[in-house]
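# Understanding the architecture of this molecule
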Amino acid sequence: MKQYGYCRISTKKQNIERQVRNILSKFPEAIIVKEVFTGTKFQGRRSLEKIINNVKPGDTIIFDSVSRMSRNADEGFKLYEELYRKNISLVFLKEPHINTDTYKKAVHNQVSLTGNKVDLILSGVNQYLMELAKEQIKLAFDQSEKEVTDLRQRTKEGIETARLNGKQIGHTTGTVYETQKAKSAKKIILKHNVSFGGSLNDTETIIQAGISRKTFYKYKRELRQFSLHP
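Residues numbered from 1 in each chain as written. Predicted model: local features only at pLDDT ≥ 70, side-chain atom pairs only at ≥ 80, totals over all residues. Heavy atoms only, no water.

### Considerations on the overall build of the protein chain
- Counting its regular elements, the protein chain contains nine helices and four strands.
- Reading the helices (α) and strands (β) of the protein chain from amino to carboxyl end gives β-α-β-α-β-α-α-β-α-α-α-α-α.
- Across the 230 residues in the protein chain, those meeting the buried criterion constitute 37%.
- Considering only contacts in the protein chain between residues 6 or more positions apart, those separated by 24 or more positions represent 57%.
- Of the roughly 15,000 Å² of accessible surface on the protein chain, a fraction of 53% belongs to carbon and sulfur atoms. (Helix = DSSP H or I, 4+ residues; strand = E, 2+ residues; numbered from the N terminus. Buried < 20%, exposed > 50% of the residue type's maximum accessible area, 1.4 Å probe, protein only. Contact = heavy atoms within 4.5 Å. Areas by Shrake-Rupley, 256 points an atom, 1.4 Å probe, with all protein chains shown as cover.)

Here it is as structure tokens:
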């Protein structure tokens with residue numbers, strides 16, 4: 001019986017090692033499988049698909065949280081049931097109440113039937129327990145999907161607020177972004193260099209601006225290119 005620890009991050013800026021440490025602290029023998037994926041559809045998670053295609057009955061897949069398995073509630077629950085029926089154990093470190101072992105207890109710890117009409121009531125109770133367990137699993141996936149949706153909405157609102165406050169968001173095509181030092185150097189070139197009507201030659205301007213010769217000629221070309229001076 002093998003244990004697989006599946007770790008996934010949505011962007012390269014995130015640190016996947018936190019998930020690795022969390023899993024190995026509880027399952028030191030787990031085979032760690034890492035994946036960097038920037039989408040939201042399950043079909044794109046090739047490493048997880050490889051695990052699913054190779055696991056055998058009795059094996060275990062460990063996730064740091066339910067969001068690492070799927071951010072889509074419907075797909076997540078469908079995959080959960082599929083693996084459960086194959087007798088694959090699923091462990092979610094942050095949501096232990098939906099581990100497959102917990103679900104199995106809810107399913108198998110049924111109220112014993114009596115053999116008479118009371119069984120009609122008891123059978124209903126058993127069905128209720130199973131549905132309750134399923135509902136808890138669905139809720140966990142729903143919550144995961146909601147958190148992603150909320151994050152996107154907050155990001156969108158934050159960008160819109162910044163724009164309304166006059167802040168530039170992202171890079172606009174054709175826009176040149178400069179440091180304060182570059183702006184100061186270009187002002188000196190425009191004001192003092194002989195090419196723009198000033199009295200200093202190139203060497204004197206370089207010394208005055210405090211920049212390298214290569215940078216000076218770069219700035220000079222840019223100033224001419226953007227017609228900042230006739």
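So that's the structure; there's more coming.
### Regarding the packing of aromatic side chains
- Evaluation of the coordinates by the stated rule reveals four aromatic pairs.
- Measuring from ring centre to ring centre gives 5.4 Å for Phe-63 and Phe-92, while their planes differ by 15°; the resulting arrangement is stacked. One end of the pair, Phe-63, is in strand 3 (residues 60-63); the other, Phe-92, is in strand 4 (residues 89-92), and 29 residues separate them in sequence.
- By the ring-pair criterion, three or more aromatic residues cluster together here, those being Tyr-6, Phe-63, Tyr-80 and Phe-92. (Phe/Tyr/Trp six-rings, centres within 6.5 Å; stacked < 30°, edge-to-face > 60°.)

### Some points on the nonpolar core
- Counting 23 residues, the largest nonpolar core has Ile-61, Phe-63, Met-69, Leu-83, Leu-90 and Phe-92 as the members making the most contacts within it.
- Listing elements by their share of this core, those giving two or more residues are strand 1 (3-9), helix 2 (46-54), strand 3, helix 3 (66-69), helix 4 (73-85), strand 4 and helix 6 (118-164).
- Counting residues per element, this core draws most heavily on helix 4, at five residues.
- Core analysis: the second largest hydrophobic core is formed by ten residues, Ala-185, Phe-216, Tyr-219 and Leu-223 among them. (Core = buried A, V, L, I, M, F, W, Y, C linked by side-chain atoms within 4.5 Å.)

### Focus: helix 8 (residues 202-209)
- Within the span of helix 8, buried status applies to Asp-202, Thr-205, Ile-206 and Ala-209. Burial along helix 8 is one-sided: seen end-on, the buried residues are contained in an arc of 105°.
- Looking one or two places after helix 8, you find Gly-210, whose phi comes out positive at around 70°. (Arc of directions from axis to C-beta.)

### A short note on the sheet that holds strand 1
- Reading across the sheet, the four strands line up as 2-1-3-4 and stay open at both edges, with parallel pairing between neighbours. Of all the strands in the sheet, the pair left with one neighbour each is strand 2 (31-36) and strand 4. Looking at each pair of strands side by side, their axes are set apart by 20° on average, direction ignored.
- For strand 1 and strand 3, the ladder comprises four bridges, and the chain directions are parallel. The partner of Tyr-6 across the bridge, within strand 3, is Phe-63.
- Lying over the sheet, helix 1 (residues 17-26) contacts strand 1, strand 2 and strand 3, oriented at roughly 160° with respect to strand 1. (Pairing = 2+ DSSP bridges. Axes fitted to C-alpha atoms, helices over the stretch in contact; angles between N-to-C directions.)

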